[in-house]
Amino acid sequence: MIRFVLAASLLLLPLAACKSVNTVSTNNPRRTNVDYSRIDLNPGLRNDIRVEGVLARDINGLLQGQVTLLNRSSSAKDIQTRFEWFSGQGMQVDESSTVWNTYTLQAGEMRSITGTAGSAQAKDFRFAIKPLR
Amino acid sequence: MSTRFPVSACLVVMLASMMLIGCAQTRTGSQMKPINNANRLTGGEWDQFANWMKNSMIQSGVLNRHQGPGGTPVVIAIADWDNNTNQPVFTRDKTVMENAIRKTLVNSGQAVVNRDIGGTGAKPDSLTQNITSLRNSAEYDQSTVPPPGQAKAPSLGLYMQINRIPVNQGRTTQYDYAVKCELIDLQAKYTVWEDQFLMSKQFVRGL
């Protein structure tokens, strides 16, 4: 009986741990309609920058992505971001648009960063964030 | 009296030269460090302006509204470029922004760019103009030469402008860069889309 309880506890513990990892935010469905697997956040920024939302839409035949970031730290952060665009088959398209853009997020600032694909073949995207230095 | 240079002085000169040579280096890839200059806009900054312009232009739906019959792409020509700064180099550098905007419009199928005519911001392609000289040339198979009356006149013009406002405080100079783009309906002669984005940079003078 004790062994059964211990075994059940060991099985349940990982599930409880999973519940606390929020990989898909539903706190603000107004800002999110795609999952966060598209976000590539540099580990050095994980304590300071939080992704508040990820949106995607078709705008006049082109894919547009918008990622909302929050600077949770008490100091301004200089970051670089870029969009990468992929076809429906997962091949990267519009590679020349894959350029790092620089932003400064003040302490506590929330900002939405928008990108528009330069190819009608783009059906998916990835968004990367890294520190400027 | 000996005119030979002292050996110790030669050694000092050699060591100094070696140190100077050691200071020069080429960096690529991950070795590159971010650099910037308040007086100039980097290629990345011009590209950032282009991203903002593209987002705004496409979101407005202006290109859809001006498509040709049957949904054919809009014909755009590059209109004037106004460099309202004292940096003539911006006239060359703005091509980074122009190229980024044009490639999105063309490669997405939303627009085509006329390369035959343009305003002060355009550099028409000489081949598109010279090819008409092949007409009636005995050297060329005339059935392969573009006949007259095939080109479509542009319906929209892409106008670009840059302004720079310097603000000084003590040893600090801030430059506010304002880049503006417009799409001009060439038939009606009014703008049908325009937007402006700002970017500020500061320079602190040494003591």
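So, here's what we can say about the structure. (Residues numbered from 1 in each chain as written. Chains lettered and ligands numbered in written order. Predicted model: local features only at pLDDT ≥ 70, side-chain atom pairs only at ≥ 80, totals over all residues. Heavy atoms only, no water.)

1. Focus: the overall build of chain B
Part 1: Summing up its helical and strand segments, chain B has 6 helices and 5 strands in all.
Part 2: Put simply, chain B runs from its N terminus to its C terminus through helices and strands in the order α-α-α-β-α-α-β-α-β-β-β.
Part 3: In chain B, which comprises 207 residues, the share counted as buried stands at 35%.
Part 4: Residue pairs at least 24 apart in sequence account for 69% of intrachain contacts in chain B once pairs closer than 6 positions are excluded. (Helix = DSSP H or I, 4+ residues; strand = E, 2+ residues; numbered from the N terminus. Buried < 20%, exposed > 50% of the residue type's maximum accessible area, 1.4 Å probe, protein only. Contact = heavy atoms within 4.5 Å.)

2. Concerning empty space enclosed by the protein
Part 1: Enumeration over the complete set of coordinates arrives at 1 cavity of 30 Å³ or more.
Part 2: In this structure, the largest cavity spans a volume of roughly 130 Å³.
Part 3: Along its surface, the largest cavity is lined by 16 residues, and Phe83, Ser97, Asn101 and Gly115 of chain A together with Asn51 of chain B are the ones closest to its centre.
Part 4: Elements that contribute at least two residues to the lining of the largest cavity include exactly strand E4 (77-86), strand E6 (101-105) and strand E7 (110-116) of chain A together with helix H2 (43-60) of chain B. (1 Å grid on protein atoms, 1.4 Å probe; cavity = no way out; pocket = protein on both sides within 12 Å on 5 of 7 lines; lining within 4 Å. Points joined across faces, edges and corners; volume = space filled by probe spheres on them.)

3. Examining the environment of Gly118 of chain B
Residues and elements named next belong to chain B.
Part 1: With respect to the element layout, Gly118 can be found in the loop between strand E2 (111-113) and helix H6 (126-130).
Part 2: Separated by 39 residues in sequence, Gly118 and Ala79 have C-alpha atoms that sit 5.3 Å apart.
Part 3: Excluding anything up to four places from it in sequence, Gly118 contacts Ile78 and Pro124.

4. As for H2 of chain B
Part 1: An ideal rise of 1.5 Å per residue puts 26 Å on 18 residues; H2 of chain B measures up with 26 Å between its terminal C-alpha atoms.
Part 2: Trailing H2 of chain B by a residue or two, Gly61 of chain B shows a phi angle of about 75°, which is positive. (Expected span 1.5 Å × (residues − 1).)

5. Digging into the sheet that holds strand E3 (residues 62-71) of chain A
Part 1: Spatial ordering of the open sheet is given by E2-E3-E7 (chain A), a layout of 3 strands whose pairing is antiparallel. In this open sheet, the two strands that pair with only one neighbour each are strand E2 (49-59) and E7 of chain A. Averaged over all pairs of adjacent strands, the angle between their axes in this sheet comes to 15°, without regard to strand direction.
Part 2: Contacting E2, E3 and E7 of chain A, H2 of chain B runs over the sheet at an angle of about 75° to E7 of chain A. (Pairing = 2+ DSSP bridges. Axes fitted to C-alpha atoms, helices over the stretch in contact; angles between N-to-C directions.)

6. Some details on the layout of surface pockets
Residues and elements named next belong to chain B.
Part 1: The space that makes up the largest pocket amounts to roughly 1,200 Å³.
Part 2: With 7 residues, strand E5 (residues 190-204) is the largest single contributor of residues to the lining of the largest pocket.
Part 3: Considering only residue class, the lining of the largest pocket consists of 13 nonpolar, 14 polar and 7 charged.
Part 4: Of the volumes computed, that of the second largest pocket is approximately 320 Å³.
Part 5: What lines the second largest pocket is a set of 15 residues, and nearest its centre among them are Asn114, Asp116, Thr128, Ala151 and Lys152. (Nonpolar A, V, L, I, M, F, W, Y, C, P; charged D, E, K, R; others polar.)

7. Looking at the side chain of Ser73 of chain A
All names here are of chain A.
Part 1: Of note, Ser73 is situated in the loop between E3 and E4.
Part 2: Using a relative accessible area of 15% as the deciding quantity, one classes Ser73 as buried.
Part 3: Reaching out from Ser73, the side chain makes a polar contact with the side chain of Asn71 at a distance of 2.7 Å.
Part 4: In terms of polar contacts, Ser73 uses its side chain to reach the backbone carbonyl oxygen of Ser75, at 2.9 Å.
Part 5: In contact with Ser73, other than residues within four places in its own chain, are Asp48, Ala107 and Gly108. (Polar contact = N/O pair within 3.5 Å; in protein donor to acceptor, adjacent residues only side chain to side chain.)

8. Looking at the interface of chain A and chain B
Part 1: Taken together, the contact pairs 21 residues of chain A with 17 residues of chain B.
Part 2: Here chain A packs against chain B, burying approximately 1,500 Å² in sum over the two surfaces, 42% of which is carbon and sulfur.
Part 3: Here chain A is connected to chain B by 1 salt bridge.
Part 4: Linking Lys103 of chain B and Asp94 of chain A is a salt bridge whose minimum nitrogen-to-oxygen distance equals 3.4 Å.
Part 5: Inspection of the region where chain A meets chain B yields 12 residue pairs in polar contact (both at pLDDT 80 or more).
Part 6: Listing elements by their share of the side of chain A that touches chain B, those giving two or more residues are E2, E3, E6 and E7 of chain A.
Part 7: Of the residues assigned to the side of chain A that touches chain B, the class counts are 7 nonpolar, 11 polar and 3 charged. (Buried area = accessible area lost by both parts, 1.4 Å probe. Salt bridge = Lys/Arg side-chain N within 4 Å of Asp/Glu carboxyl O.)

9. What to know about the sheet that holds E2 of chain B
What holds strands together in a sheet is hydrogen bonding between their backbones, with the strands either parallel or antiparallel.
All names here are of chain B.
Part 1: One open sheet holds the 5 strands; their spatial order is E2-E1-E3-E4-E5, and the pairing between them is mixed. Sheet topology places E2 and E5 at the edges, where each strand pairs with a single neighbour. Each neighbouring strand pair of the sheet contributes to a mean axis angle of 30°, computed without reference to strand direction.
Part 2: Two strands pair when backbone bridges link them, and strand E4 (residues 172-185) and E5 are joined in this way by 14 bridges, in the antiparallel orientation. From the neighbouring strand, Ile184 faces E5, where its bridge partner is Thr191.
Part 3: Along the sheet, H2 contacts strand E1 (74-84), strand E3 (156-169), E4 and E5; its crossing angle with E5, the most-contacted strand, is approximately 155°.

10. Let's talk about the packing of H2 of chain B against helix H5 (residues 95-107) of chain B
Residues and elements named next belong to chain B.
Part 1: Their axes nearest at 8 Å, the elements H2 and H5 cross at an angle of 35°. Handedness of the crossing formed by H2 with H5: right-handed. The residues of H5 that touch H2, namely those facing Gly43, Trp46, Asp47, Phe49, Ala50, Met53, Lys54, Met57 and Ile58, are Val96, Met97, Ala100, Ile101, Thr104 and Leu105.
Part 2: Looking at the contact of H2 with H5, its residues break down into 11 nonpolar, 2 polar and 2 charged. (Left-handed = near helix turned anticlockwise from the far one by under 90°.)

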